[in-house]
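So the chains spell out like this:
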Amino acid sequence: MNVAVTMFSGGRGAASIARGMLGTPGVGLSLVVNGYDNGLSTGALRRYLPGMLGPSDFRKNLLLHLDPADPAQAALAAVVEHRLPAGTTPAGLTAVIEAIALRRGPFAALPEAAREALTADLRVFARRLAAHPHGLDLADCALGNLVFAGAYLRLGRDFNAAVDACVRTFGSPVRLLNVTDGENAFLAALRRDGSLLADEADIVAPQDPGTITDLFLLREPVGARRRAELEALPPEWTREILGRERAEVTPNPRALEAIRDADLVVYGPGTPHSSLLPSYLTPGVADAVARSRAAAKVFVVNTREDHDIRGLTAPDLVDRTLAYLGDPRNRRRLVTHVLSHRTPGPDAPAVPEEILDRGEWAGARWVTAVMEHPGRPGVHHAERTAEALLAIRDEAALARAR
């Protein structure tokens, strides 16, 4: 079996499914990710390097293939996830880089090629920091993000080239693709009550109940003063103003190619309003899905709620996906199947009984399977979910061939 799987993904929500696909012989996996994260240390890094997208979700996907039982791979994971402590100075960062260069501590088993690439990119960033020491607090920065930042600087501030470089450095078998051509943009959202979520960090944070109704991809971040001005306006005015400030982004041609050439397209689970729906706003994505040779285009329902989808049912989430793809009635068959956990718990998006009985929603077939990990509530079981997705693909391909 040789199956090309392309999945829309974020940083962790679809990680178990991706691992299940990677563990399936004959499956080639492409992940389409956006770079709009700007929370905490990622946001600080983006402010320090204006023009750079957020690397955090790409960094997290570099861990998918790494086996902690393998010393070399464990050392690579240690680099990806190492967090700099509070009070770290540029000299302290240099000390960490030297520990990598000399293979000390958790970095002792680093493969030679990776060690050279990592130290080279980290030194590029360290030189930038030495020349411009103000404006970045290194506290809690993930070292993997600084590797991305160094590659970004080294490669002429080309974010997608930096993603490719990091994939090579960490030896990932995943085709990891930014959904856009690398243009910088920032998220904001409005809720039904008119309140403003000024950035991606607000969207994913714990919040009062209230459905998100509008999502915006902006040219500039909403600063504190701007936020106060917008919050003083009627919601319909804020909506109109933010609509005029939308960012113009272009699709990554390789992402569109991966979608068109897929045998199976998966709309992965995760935090929809930050990790997933913004990707569908990218021009050309919906057309690529419509033209894809994929026999099945499957929406996977979360096994637990995220802060940004409180009050939304599983069918609501399917409808949101179709709306952001510009096909609210699913006339283009952009979603052919919906896959949900067979016995969703109280913390999962609800699936009405009549939909399960009918086995259909918005023209898509509704399928259930046992997908939640028995020992990790809220997490998809890697092998079972991958198996269910591939079974849907095989059945759809067989039906198409008849």
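Our structure's up above, just so we're on the same page.
Residues numbered from 1 in each chain as written. Predicted model: local features only at pLDDT ≥ 70, side-chain atom pairs only at ≥ 80, totals over all residues. Heavy atoms only, no water.

What follows concerns the overall build of the protein. Along the protein, the regular secondary structure elements total 17 helices and 11 strands. On C-alpha atoms alone, the protein measures out to a radius of gyration of 21 Å, which is about the 21 Å that the 2.2 N^0.38 rule sets for 402 residues. When its C-alpha atoms are laid out on the principal axes, the protein stretches across 65 × 55 × 40 Å. For the protein, the proportion of its 402 residues judged to be buried stands at 55%. Within the protein, residue pairs in contact and separated by at least 24 positions form 75% of the contacts whose partners lie at least 6 positions apart. For the protein, the accessible surface area stands at approximately 16700 Å², while carbon and sulfur atoms represent 51% of it. Across the protein, the 46 positively charged side chains and the 48 negatively charged ones have centroids separated by 3 Å. (Helix = DSSP H or I, 4+ residues; strand = E, 2+ residues; numbered from the N terminus. Rg over C-alpha atoms; globule rule 2.2 N^0.38 Å. Buried < 20%, exposed > 50% of the residue type's maximum accessible area, 1.4 Å probe, protein only. Contact = heavy atoms within 4.5 Å. Areas by Shrake-Rupley, 256 points an atom, 1.4 Å probe, with all protein chains shown as cover. Lys, Arg positive; Asp, Glu negative; His and termini not counted. Charge placed at Lys NZ, Arg CZ, Asp CG, Glu CD.)

Attention shifts here to the environment of Ala-74. Mapped onto the secondary structure, Ala-74 falls in helix 4 (residues 71-81). C-alpha separation for the pair Ala-74 and Leu-110, spaced 36 residues apart in sequence, amounts to 8.4 Å. With near-sequence residues (within four places) excluded, Ala-74 lies in contact with Asp-67 and Pro-68.

For the coordinates displayed, the defined rule picks out 5 aromatic pairs. Ring geometry for Phe-8 and Tyr-280: centres 5.1 Å apart, planes at 90°, overall edge-to-face. With a gap of 272 residues between them, Phe-8 in strand 1 (residues 3-8) and Tyr-280 in helix 13 (residues 272-280) connect regions that are remote in the sequence. Residue class for Tyr-280 comes out buried when judged on its relative accessible area of 3%. When the ring of Tyr-48 is compared with that of Phe-125, the centres are 6.1 Å apart and the planes differ by 65°; the resulting orientation is edge-to-face. (Phe/Tyr/Trp six-rings, centres within 6.5 Å; stacked < 30°, edge-to-face > 60°.)

Tallying each qualifying case throughout the model produces 2 cavities of 30 Å³ or more. If you add up the space inside the largest cavity, you get close to 80 Å³. Lining the largest cavity, in full, are Gly-268, Pro-269, Pro-272, Leu-276, Leu-277, Tyr-280, Phe-299, Val-300, Asn-302, Leu-317, Arg-320 and Thr-321. Residue assignment for the lining of the largest cavity shows that the elements contributing at least two residues are helix 13, strand 8 (296-300) and helix 15 (314-324). Top contributing element to the lining of the largest cavity by residue count: helix 13, with 4 residues. (1 Å grid on protein atoms, 1.4 Å probe; cavity = no way out; pocket = protein on both sides within 12 Å on 5 of 7 lines; lining within 4 Å. Points joined across faces, edges and corners; volume = space filled by probe spheres on them.)

Quick look at the nonpolar core now. Counting 125 residues, the largest nonpolar core has Leu-93 and Phe-125 as its most contacted members. With 8 residues, the single largest contributor to this core is helix 7 (residues 143-154). Counting residues in hydrophobic clusters, the runner-up holds 10 residues, among them Ala-188, Ala-198, Ile-241 and Leu-242. (Core = buried A, V, L, I, M, F, W, Y, C linked by side-chain atoms within 4.5 Å.)

Here we take up the packing of helix 5 (residues 90-101) against helix 6 (residues 112-131). Two packed helices can be described by the angle between their axes and the distance between those axes. For the pair helix 5 and helix 6, the least separation of the axes is 9 Å and the interaxial angle reads 170°. The angle between helix 5 and helix 6 falls in the class roughly antiparallel. Crossing geometry of helix 5 relative to helix 6 is assigned as left-handed. Facing helix 5, whose interface residues are Pro-90, Leu-93, Ile-97, Glu-98, Ile-100 and Ala-101, helix 6 presents Arg-115, Leu-118, Thr-119, Leu-122, Arg-123, Phe-125, Ala-126 and Leu-129. Tallied by class, the residues present in the contact of helix 5 with helix 6 amount to 10 nonpolar, 1 polar and 3 charged. (Axes fitted to C-alpha atoms, helices over the stretch in contact; angles between N-to-C directions. Parallel < 35°, antiparallel > 145°, perpendicular 65-115°, else oblique. Left-handed = near helix turned anticlockwise from the far one by under 90°. Nonpolar A, V, L, I, M, F, W, Y, C, P; charged D, E, K, R; others polar.)

So, on to the layout of surface pockets. If you add up the space inside the largest pocket, you get close to 1100 Å³. As for the largest pocket, its lining consists of 41 residues, and the residues nearest its centre are Gly-11, Arg-12, Gly-13, Lys-60 and Thr-271. Put simply, the parts of the chain that give the lining of the largest pocket at least two residues each are helix 1 (15-22), helix 2 (40-48), helix 3 (56-61), helix 9 (200-204) and helix 13. Take the lining of the largest pocket: its biggest share by element is 4 residues, from helix 3. Broken down by class, the residue content of the lining of the largest pocket amounts to 9 nonpolar, 18 polar and 14 charged. As a volume, the second largest pocket reaches approximately 230 Å³. Lining the second largest pocket are 16 residues, and of these Asn-38, Arg-47, Phe-186, Asp-199 and Pro-221 sit closest to its centre. The set of elements that each furnish at least two residues to the lining of the second largest pocket consists of helix 2 and helix 10 (224-231).

Consecutive side chains along a regular strand alternate between the two faces of the sheet. The element strand 1 is extensively covered by neighbouring structure, given that 5 of its 6 residues are classed as buried. By the bridge criterion, 6 bridges tie strand 1 to strand 2 (residues 27-33) in an arrangement that is parallel. Residue Ala-4 lies in a different strand from strand 2, and its bridge partner there is Gly-28. Direction of pairing for strand 1 relative to strand 7 (residues 264-267): parallel, over a ladder of 4 bridges. Within strand 7, the position partnered with Met-7 by the bridge is Val-266. (Pairing = 2+ DSSP bridges.)

Attention now goes to the sheet that holds strand 6 (residues 212-218). Across the sheet, which stays open at both edges, the 3 strands sit in the order 5-4-6 with antiparallel pairing between neighbours. Each edge of the open sheet carries a strand with a single partner, namely strand 5 (196-197) and strand 6. Strand direction decides the pairing type here: strand 4 (residues 186-191) and strand 5, joined by 2 bridges, are antiparallel. Of the residues in strand 5, the one forming a bridge with Ala-189 is Leu-197.

Okay, the pairing of strand 6 next. In terms of residue burial, strand 6 counts as a mostly covered element, since 6 of its 7 residues are buried. Relative to strand 6, strand 4 is paired through 6 bridges, and the arrangement is antiparallel. Residue pairing in the sheet places Phe-186 in a bridge with Leu-218 of strand 6.

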